[in-house]
Amino acid sequence: MEWLDALILGIVQGLAEYLPISSSGHLEIFREILGIDLPSDKILQFDIILHAATVCSTIVILWPIFKNLLISFFSFKRDSEYYMVWKIVLSCVPIAIVGFFLKDYVEEFFGGSLLLVGVCLLVTASLLAFAHFTDRKPDGAMIPAEKGREISWSDAFIIGCAQAVAVLPGLSRSGTTIATGIILGDKRSKVAYFSFLMVIIPILGEALLDLKELVTTPSQQGDDSVGVLALVIGFVSSFIVGCCACKWMIDLVRKGKLVWFSIYCVVMGIICILWR
């Protein structure tokens, strides 16, 4: 893989992991555009690096919140932060079930299809638009970001189910989970934080499963490789862009501006469907 390809894919991952436009779908799109045709184990290796970078971005940007959650949880304070950690754990149960029992099936059946990416991008657009219009008062004015209810145990599980469905390429994880929280009536000011924090455990879990697969699966023969330089560039670009995108997305959610991304997803969805 050329360093420029790694830079582009790192930027795409950093943006699309947080913005509601689907990172997996856009990585598929840009691999197609760039003509990247690597063995599956090399793609897996590179994807692990990109996802590790975005986890680091989340921890860095949300460090004050993340630190308080850790302190409260490990000191057994039984306060709101303590129970929030358990709500995050509960939200990870659906994606854990999918990851352990359906991961290979999903990747084999749905992976690499731009048609599916296009259809799922249209679904993402519909969810974002629906969330936008439900987050309104009867007079049409936007509900303030601090209004609404706290994320309940049932909300956490439902948002977790939305995250599990979003394993499909083109169905944005952040867009699906945030839109679900807004539709449920949760505070916009809390939904984005919850969405970004809840993905840390699944990404680390998926990375461990992928590492196990890399170790146990014989490397595919061929001259194609990612290279250390490409891995470093991919990680750094994904981390830096991810930090910026995370902060931007939190601000967009608070201001209720996600509907504009539904227009983008419609356009990209149609392009993907026609591209095939």
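You'll find the structure just up there.
Everything in this summary refers to the structure shown in the same document.

Cut-off values and rules
- Residues numbered from 1 in each chain as written.
- Predicted model: local features only at pLDDT ≥ 70, side-chain atom pairs only at ≥ 80, totals over all residues.
- Heavy atoms only, no water.
- Helix = DSSP H or I, 4+ residues; strand = E, 2+ residues; numbered from the N terminus.
- Salt bridge = Lys/Arg side-chain N within 4 Å of Asp/Glu carboxyl O.
- Buried < 20%, exposed > 50% of the residue type's maximum accessible area, 1.4 Å probe, protein only.
- Phe/Tyr/Trp six-rings, centres within 6.5 Å; stacked < 30°, edge-to-face > 60°.
- Core = buried A, V, L, I, M, F, W, Y, C linked by side-chain atoms within 4.5 Å.
- Contact = heavy atoms within 4.5 Å.
- 1 Å grid on protein atoms, 1.4 Å probe; cavity = no way out; pocket = protein on both sides within 12 Å on 5 of 7 lines; lining within 4 Å.
- Points joined across faces, edges and corners; volume = space filled by probe spheres on them.
- Nonpolar A, V, L, I, M, F, W, Y, C, P; charged D, E, K, R; others polar.
- Expected span 1.5 Å × (residues − 1).
- Arc of directions from axis to C-beta.

**A word on the environment of Leu274**
By secondary structure assignment, the location of Leu274 is in helix H14 (residues 259-275). Between the C-alpha atoms of Leu274 and Leu114, which are 160 residues apart in sequence, the distance is 9.1 Å.

**Describing the pattern of salt bridges**
Evaluation of the coordinates by the stated rule reveals 7 salt bridges. Across the pair Asp47 and Arg31 runs a salt bridge whose closest N-O atoms are separated by 2.5 Å. Of this pair, Asp47 sits in helix H3 (residues 40-61) while Arg31 sits in helix H2 (residues 23-34), and the two are 16 residues apart along the sequence. Assessed through its relative accessible area of 16%, Asp47 is described here as buried. With a shortest N-O distance of 3.4 Å, Arg149 and Asp186 are connected by a salt bridge. Note that Arg149 is positioned in the loop between helix H8 (114-134) and helix H9 (153-165) and Asp186 in the loop between helix H10 (173-184) and helix H11 (188-198), a separation of 37 residues in sequence. On the basis of relative accessible area, Arg149 is assigned to the partly exposed category, the value being 41%. It is possible to trace a salt-bridge network through shared partners that takes in Arg149, Asp155 and Asp186.

**Here's the deal with the packing of aromatic side chains**
One pass over the full model with this rule turns up 9 aromatic pairs. Between Tyr18 and Phe196, the ring centres sit 5.2 Å apart and the planes meet at 80°, which makes this aromatic pair edge-to-face. One end of the pair, Tyr18, is in the loop between helix H1 (3-16) and H2; the other, Phe196, is in helix H11, and 178 residues separate them in sequence. Overall, the relative accessible area of 1% leaves Tyr18 in the buried class. Relative to Tyr83, the ring of Tyr82 lies with its centre 5.3 Å away and its plane at 85°, an arrangement referred to as edge-to-face.

**Notes on the nonpolar core**
Ile178, Phe196, Met249 and Leu258 are the most contacted members of the largest nonpolar core, which totals 45 residues. Counting 12 residues, the second largest nonpolar core, distinct from the first, contains Val12, Leu27, Ile36 and Val226.

**Overview of the side chain of Ser189**
Considering the arrangement of structural elements, one finds Ser189 in helix H11. Residue classification places Ser189 among the buried positions, given a relative accessible area of 3%. Look past the residues within four positions of Ser189 in its chain and what remains in contact with it is Ala145, Glu146 and Arg254.

**Brief notes about empty space enclosed by the protein**
Across all of its chains, the model carries 1 cavity of 30 Å³ or more by this definition. The calculated volume of the largest cavity comes to roughly 110 Å³. Taken together, Leu128, Ala131, His132, Asp135, Arg136, Ala179, Ile182, Arg188, Val253, Gly256, Leu258 and Val259 make up the lining of the largest cavity. If you list the elements that add at least two residues to the lining of the largest cavity, you get H8 and H10. Here the element with the most residues in the lining of the largest cavity is H8; it accounts for 3 residues.

**Some words on the layout of surface pockets**
For the second largest pocket, the calculated volume is near 350 Å³. Counted by class, the lining of the second largest pocket contains 10 nonpolar, 2 polar and 4 charged residues.

**Side note on the environment of Ile200**
For Ile200, the position within the fold is in helix H12 (residues 200-216). Linking Ile200 and Cys92, residues 108 residues apart in sequence, is a C-alpha distance of 9.5 Å. Setting aside its immediate chain neighbours within four residues, Ile200 contacts Val55, Thr58, Ile59 and Phe66.

**With respect to H10**
Given a rise of 1.5 Å per residue, 12 residues ought to cover 16 Å, and the 17 Å separating the end C-alpha atoms of H10 matches this to within 8%. With 10 of 12 residues buried, H10 lies mostly within the body of the structure. Within the span of H10, buried status applies to Arg173, Ser174, Gly175, Thr176, Thr177, Ile178, Ala179, Thr180, Gly181 and Ile182. Contacts from the buried residues of H10 go to H8, H9, H11 and helix H13 (228-255). Looking one or two residues beyond H10, the residue adopting positive phi is Gly185, at roughly 95°.

**Some words on helix H6 (residues 93-101)**
Listed in full, the buried residues belonging to H6 are Pro94, Ile95 and Val98. Seen along its axis, H6 keeps its buried residues to an arc of 95°; they face one direction. Away from its buried face by more than 90 degrees, H6 exposes Phe100 and Phe101.

Nothing here speaks to function; it is all geometry.
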